[in-house]
Amino acid sequence: MNTPICDFVRTYANSKQLRFHMPGHKGAGTLGIEHLDITEIEGADVLYRAEGIIKESELNASALFGSALTKYSTEGSSLSIRAMLYLAMLYAKSIGREPRILAGRNAHHTFMTAAALLDLKVDWLYPEHWDNLVACEITPDYLDHVLCSQTKPAAVYITSPDYLGNVADIAELSAVCHKHGILLLVDNAHGAYLNFLSENRHPITLGADICCDSAHKTLPVLTGGGYLHISKHAPECFCQQAEKALSLFASTSPSYLIMQSLDAANRYLAEGYAEKLADYVPFVGELKVRLADFGYTLHGNEPLKITIAPKNLGYTGYELAEILAEHRIICEFADPDFVVFMLTPEISKEDLDHLVQTLCAVPRKEAIDIKPPMPSKPKQICSIREALFATSTEVSIQDSLGQTLASTRISCPPAIPIVVCGENIDEDAIRCFEYYGVEMCQVMKE
Ligand SMILES: Cc1ncc(COP(=O)(O)O)c(C=O)c1O
């Protein structure tokens, strides 16, 4: 697989021409990578009017992911999520449906801000058994039941995999959506690598109409590198309007370092990555068995995430993460209940083994019997947009009772809101904020 963006930039850098164009470092500087950092000069193509090397590279990515169109983002999945929602809105308008999205409640912060920017109406899909803020299991039967009982939304929006490594049944969920004539949008920020498993579990393969991937989260790509994938069965306007949708929200100075990284990844992924995963995933599976045999409670079904709930061994997630940090092991995420490790084949099997040995050397203590409080389904007072654009004031969590949340800035890590802006803060929500250590919040002024 060729790498047209990398080739162009290297040739340009080697030609040592005088750079009377941006960026200001002019190709040299303290990082040592400045010579590869260019802007949209002649021949370098234009990210959201791609006709040259960027288009050629994106076609490579599209072939790898089996999409009708794959566009690059140098601003992560966040940009792709805004574009997805914009496209869903355009489509809704074209078929005379209201701009309303039915979304799994564990949607990322970016989804809320995008909904506010686009003035989207959001109805939440709560799981049947809600025992965890980060996870939100929506079964196909339950989705079918919900869709039968309401007027058709423009689209259903699911986050899969979630931060704890739960992968939804996208094949069945998309079948349900399509039976009802509704689009399925997937936040696949954590799942780009699912495309390369022996059994392809990527949302585009399984029937989603459109999805975002943070290439940088699970593939060897620089931070910020992402994709917007459009499926072959998505409405025509999605491919036609994708560049416009992205450019509405994107910087006009996309990073060519990130684009080179995405470009180079195409070759890396095409040449032996699936084989690498086929060897690595079963090894990770064996490690999970070792951890479970030791007594750890594991969570989630994602092959390359290890999520441990350590309270049964006497530790909060924070405490376990701290112990690991003393051993120079840094996890992805920790909260009172979980520690999450994100793995890729870039971590050697020896290093993985070291992680498991360290975890299995932790002395057991008396189990902690404190369950996380759950918010009740908060009452919506006004739209996300009205709340986010309202004048607001900062108050302590204890003083926020009965007020309407104005800003999404308070969020339980990993950026999943306990209360969405525009919702009433009740006693259950306050208990949650306290549990996750949130002390202040922005509420709407009267
Ligand atoms: C589920 C989910 N969606 C979207 C995002 C945003 O992705 P990015 O950081 O690539 O913009 C994140 C980031 O952590 C995420 O966890």
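Everything in this summary refers to the structure shown in the same document. Note that the structure is predicted; figures quoted are calculated from it, not measured.

**Side note on helix H1 (residues 4-14)**
Phase 1 of the analysis: All of the buried residues in H1 are Pro-4, Ile-5, Cys-6, Val-9, Tyr-12 and Ala-13.
Phase 2 of the analysis: Next to the buried residues of H1 lie helix H2 (53-65), strand E1 (69-73) and helix H10 (256-270).
Phase 3 of the analysis: Lys-16 sits one or two positions beyond H1 and adopts a positive phi of about 50°.

**Quick notes on the pairing of strand E11 (residues 339-342)**
Phase 1 of the analysis: In terms of strand pairing, strand E9 (residues 305-309) meets E11 through 4 bridges, oriented antiparallel. Note that in E11 the partner of Lys-305 across the bridge is Met-342.
Phase 2 of the analysis: Between strand E10 (residues 333-334) and E11, which pair antiparallel one after the other, the connecting turn spans 4 residues.

**A short note on the site of the ligand**
Phase 1 of the analysis: In the vicinity of the ligand lie 13 residues, with Ser-78, Asp-187, His-190, Ser-214 and His-216 positioned nearest.
Phase 2 of the analysis: Residue His-216 places a side-chain N or O atom 2.8 Å away from an oxygen atom belonging to the ligand.
Phase 3 of the analysis: Between the ligand and the protein, one listed contact pairs an oxygen atom with a side-chain N or O atom of Lys-217 at 2.9 Å.
Phase 4 of the analysis: Protein contacts shield 85% of the accessible area of the ligand, which totals 390 Å² for the unbound molecule.
Phase 5 of the analysis: The set of elements that each furnish at least two residues to the shell around the ligand consists of helix H3 (76-94) and helix H8 (215-218).
Phase 6 of the analysis: It is H3 that contributes the most residues to the shell around the ligand, 4 residues altogether.
Phase 7 of the analysis: Grouping the amino acids of the shell around the ligand by side-chain chemistry returns 3 nonpolar, 8 polar and 2 charged.

**Here we look at the packing of aromatic side chains**
Phase 1 of the analysis: One pass over the structure, following the stated rule, counts 13 aromatic pairs.
Phase 2 of the analysis: Sitting over the ring of Tyr-163, Lys-305 keeps its end group 5.8 Å from the ring centre.
Phase 3 of the analysis: The residue whose ring lies beneath Lys-349 is Phe-283, and the NZ or CZ to ring-centre distance is 5.2 Å.

**Examining the nonpolar core**
Phase 1 of the analysis: Counting residues in each nonpolar core, the largest one holds 122 residues, and the members touching the most others are Leu-85, Ile-101, Phe-111, Tyr-157 and Phe-341.
Phase 2 of the analysis: Of the residues forming this core, the biggest block, 10 residues, is contributed by H3.
Phase 3 of the analysis: Formed by 20 residues, the second largest nonpolar core is a distinct cluster that contains Leu-125, Leu-173, Ala-208 and Cys-211.

**Focus: the pattern of salt bridges**
Phase 1 of the analysis: Tallied over the entire structure, the rule returns 12 salt bridges.
Phase 2 of the analysis: Across the pair Glu-98 and Arg-100 runs a salt bridge whose closest N-O atoms are separated by 2.7 Å.
Phase 3 of the analysis: Look at Glu-98 and you get partly exposed, because its relative accessible area is 38%.
Phase 4 of the analysis: With a relative accessible area of 3%, Arg-100 lands in the buried category.
Phase 5 of the analysis: Among the charged side chains, a network of salt bridges with common partners joins Glu-98, Arg-100, Lys-121 and Asp-123.

**Overview of the environment of Ile-95**
Phase 1 of the analysis: Its place among the elements puts Ile-95 in the loop between H3 and strand E2 (100-104).
Phase 2 of the analysis: Given the relative accessible area of 38%, Ile-95 is considered partly exposed.
Phase 3 of the analysis: In this structure the C-alpha to C-alpha distance between Ile-95 and His-190, which are 95 residues apart in sequence, comes to 31 Å.

Procedures and definitions
Every chain's residues receive numbers from 1 upward, in the order its sequence appears when written. A pLDDT threshold of at least 70 governs which residues receive local features in this predicted model, and a stricter bar of 80 or more applies before side-chain atom pairs are shown or counted, although totals over entire chains, interfaces and linings include all residues. In computing side-chain properties, one takes all heavy atoms of the structure into account and sets aside hydrogens as well as water. Here's how the labels work: a residue is buried when its accessible area is under 20% of the maximum for its type, exposed when over 50%, partly exposed in between, all with a 1.4 Å probe on protein chains only. Numbering of helices and strands starts at the N terminus; helices are DSSP runs of H or I of at least 4 residues and strands are runs of E of at least 2. Only heavy atoms matter for contacts: two residues are in contact if any of them lie within 4.5 Å across the pair. Between any two strands, pairing holds if DSSP finds at least two bridges. A single heavy atom is enough: if one lies within 4 Å of a molecule or strand, its residue is considered near that molecule or strand. Under this definition, polar contacts are N or O atom pairs within 3.5 Å; protein pairs additionally need one hydrogen-donor-capable and one acceptor-capable atom, and for neighbouring residues in sequence, both atoms have to be side-chain atoms. Here the open area of atoms and residues is found with the Shrake-Rupley method and a 1.4 Å probe, where only the protein chains shown may cover a residue. For this scheme, ten residues count as nonpolar: Ala, Val, Leu, Ile, Met, Phe, Trp, Tyr, Cys and Pro. Four count as charged, namely Asp, Glu, Lys and Arg, and the remainder, Gly too, count as polar. Any Phe, Tyr or Trp ring, taking Trp's six-membered ring, that has another such ring centre within 6.5 Å forms a pair; planes under 30 degrees apart are called stacked, those over 60 apart edge-to-face, and the others tilted. Should the NZ of a Lys or the CZ of an Arg lie within 6 Å of a ring centre and within 35 degrees of the ring normal, that charge is described as sitting over the ring. Throughout this description, the term nonpolar core refers to a set of buried Ala, Val, Leu, Ile, Met, Phe, Trp, Tyr and Cys residues connected via side-chain atoms within 4.5 Å. Just to be clear on terms, a salt bridge is a Lys or Arg side-chain nitrogen sitting within 4 Å of an Asp or Glu carboxyl oxygen.

Keep in mind that these numbers describe shape and distance, not what the molecule does.
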